[in-house]
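A look at the structure
Each chain is listed here by its residues.
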Amino acid sequence: MGERQKLFRKGIAEIKAYVPGKPIEDVMREFGLTEVVKLASNENPLGPSPKALEAMRGALDSLNIYPDGACLALTKKLADKLDVDPDGIVFGNGEDNIITLISKTFLNEGEEMIMADPSFSSFEISARAMGAKVIMVPVRPDFTTDLDAILEAVNDKTKLIYLCNPNNPTGTICTRDEVEKFLDKLPDHVVLVFDEAYKEFVDDPSYPEGLDYVRAGHNVLVSRTFSKVYGLAGIRVGYAIGHPELIGGMKRIREAFATNRLAQIGAIAALDDDEFLKKVTDVIREGREYLYQEFERMGLPYVKSHTNFMMVDTKKDIKQVFVDLQREGVIVRPAHIWNLPTWARVTVGTMEENRKFIEALEKVLA
Ligand SMILES: *Cc1c(COP(=O)(O)O)cnc(C)c1O
């Protein structure tokens, strides 16, 4: 450990940093390629919402003006669309920033946060940064989140539970029945966060909306993003919804201008872009079915997904497969970081990208 790390707050030096998907430019340079498909970060294969783009183009000339810190117009638009109390909404610089804000608002040093393993690593990083103890509850053998085991891990010190639904990286969901039984037994001193970054991709009628439990008065927060289905990962806009008193705590410490001017304008327009939303979910649905079919043909185990990505078992050392796939111009997310040394998480792309991936995978595994 370097001498200067002693200057960090307690616990910071032990945190493992977030591992982002490998950038296209790096792979182009390393392998001398001109065409690379990135299926590693669950980005939208159709680009950004066209309505959002158009609105943002029109706003470029006002970039000398600070954004509206309270996001009034965007908040009103979302509150009307979802029929929720505008005082129960807070926007951030992407959902990742909202997750940090939740951990900062609710976690005292020594308190416990519970999450599934594997799940989204920002939950862990932000909780550890606050000096909280992180309890990781392994997913079941079928990769679904084990709510019974999470409930068993709850004690007097538990403050926060992050439930990623659908879960990243497994692509699985918790059903309404499971969630309601769970909530019935959850003590009042626990705040339950539903991360719904991928909710628009779910078709399953047994999928529960976290908002129903906010409306029912539970200590529940729902966090969402414009990065995935609206294709706006580059402008960073996400939000949380909950009881105004819970959200009020978050608003006290949020950065004054966390959601930038273009992001607010783009997000308002995106909320009207139902046509794009349908187009995206149709492409993803078709892509998922295609990939299932191809994995079956190749005899590769996979996990049925409710999202725009899925887990597949290549049955070979994924670190090697990861490099070999790059040579073929395809970037996936190797799952050894989640202790799954032969698995990959692959984002569903356009049909052309999906075919390129399958072709490359067949070649690499041959
Ligand atoms: C992508 C993702 C987010 C974060 O999205 P932002 O780009 O920060 O808005 C949050 N949670 C999960 C599970 C994600 O996969």
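Residues numbered from 1 in each chain as written. Predicted model: local features only at pLDDT ≥ 70, side-chain atom pairs only at ≥ 80, totals over all residues. Heavy atoms only, no water.

This brings us to the overall build of the protein chain. Counting its secondary structure elements, the protein chain contains 13 helices and 12 strands. Over its C-alpha atoms the protein chain spans a radius of gyration of 21 Å, differing by no more than 12% from the 21 Å that the globule rule assigns to 366 residues. Taken over the C-alpha atoms alone, the protein chain extends approximately 55 × 55 × 50 Å along its principal axes. By the burial criterion, 53% of the 366 residues in the protein chain qualify as buried. Nonlocal contacts in the protein chain, meaning residues at least 24 apart in sequence, comprise 74% of its contacts between residues at least 6 apart. If you sum the accessible surface of the protein chain, you get close to 16,900 Å²; carbon and sulfur atoms cover 51% of it. Within the protein chain, one finds 46 positive and 57 negative side-chain charges whose respective centroids are separated by 4 Å. (Helix = DSSP H or I, 4+ residues; strand = E, 2+ residues; numbered from the N terminus. Rg over C-alpha atoms; globule rule 2.2 N^0.38 Å. Buried < 20%, exposed > 50% of the residue type's maximum accessible area, 1.4 Å probe, protein only. Contact = heavy atoms within 4.5 Å. Areas by Shrake-Rupley, 256 points an atom, 1.4 Å probe, with all protein chains shown as cover. Lys, Arg positive; Asp, Glu negative; His and termini not counted. Charge placed at Lys NZ, Arg CZ, Asp CG, Glu CD.)

For the rest of this paragraph, the subject is the site of the ligand. Taken together, 13 residues sit near the ligand, with Glu95, Tyr198, Thr225, Ser227 and Lys228 positioned nearest. For the ligand, an oxygen atom lies 2.8 Å from a polar atom in the side chain of Asn168. With respect to the ligand, the side chain of Lys228 contributes an N or O atom lying 3.1 Å from an oxygen atom. Considered on its own, the ligand offers 380 Å² of accessible surface; in the complex 92% of this is hidden by protein. (Near = heavy atom within 4 Å. Polar contact = N/O pair within 3.5 Å; in protein donor to acceptor, adjacent residues only side chain to side chain.)

To find the voids left in a structure, one rolls a probe of water-molecule size over its atoms. Estimates place the volume of the largest pocket at around 1,000 Å³. Considering the residues around the largest pocket, the lining is formed by 42 residues, among which Tyr18, Val19, Phe120, Ser121 and Arg333 are closest to the centre. For the lining of the largest pocket, the secondary structure elements donating two or more residues are α4 (95–106), β3 (112–117) and α5 (121–129). If one sorts the elements of the lining of the largest pocket by residue count, α5 sits on top with 4 residues. Class assignment of the residues belonging to the lining of the largest pocket gives a composition of 19 nonpolar, 9 polar and 14 charged. (1 Å grid on protein atoms, 1.4 Å probe; cavity = no way out; pocket = protein on both sides within 12 Å on 5 of 7 lines; lining within 4 Å. Points joined across faces, edges and corners; volume = space filled by probe spheres on them. Nonpolar A, V, L, I, M, F, W, Y, C, P; charged D, E, K, R; others polar.)

Strand order in the open sheet made by the 7 strands is β2-β8-β7-β6-β5-β3-β4, with mixed pairing throughout. The open sheet has two free edges, formed respectively by β2 (89–93) and β4 (133–138), since each of these has just one partner strand. Direction aside, neighbouring strands of the sheet carry axes that sit 20 degrees apart on average. The pairing of β3 with β4 spans 6 bridges and is classified as parallel. The residue bridging Ile114 from the neighbouring strand is Ile135, located in β4. Packing of helix α3 (residues 72–82) onto the sheet brings it into contact with β2, β7 (220–225) and β8 (237–241), and relative to β2 it is tilted by some 125 degrees. (Pairing = 2+ DSSP bridges. Axes fitted to C-alpha atoms, helices over the stretch in contact; angles between N-to-C directions.)

Per the counting criterion, the structure on display carries 25 salt bridges. Linking Arg285 and Asp203 is a salt bridge whose minimum nitrogen-to-oxygen distance equals 2.9 Å. Of the two residues, Arg285 sits in helix α11 (residues 274–298) while Asp203 sits in the loop between β6 (191–195) and α8 (210–215), which places them 82 residues apart along the sequence. Arg285 gets classed as partly exposed once you look at its relative accessible area, which sits at 31%. Overlapping salt bridges, with partners in common, bring together Asp203, Lys278, Asp282, Arg285 and Arg288 in one network. (Salt bridge = Lys/Arg side-chain N within 4 Å of Asp/Glu carboxyl O.)

Burial analysis of β7 places 6 of its 6 residues in the buried class, which makes it a mostly covered element. Pairing analysis gives 4 bridges linking β6 to β7, with the strands arranged parallel. The partner of Phe194 across the bridge, within β7, is Val222. As a crossover connection, the stretch from β6 through α8 into β7 is right-handed. As paired strands, β7 and β8 are joined by 4 bridges and run antiparallel to one another. Looking across to β8, one finds that Thr225 is bridged to Gly238. (Right-handed = clockwise from strand over helix to strand, strands pointing away.)

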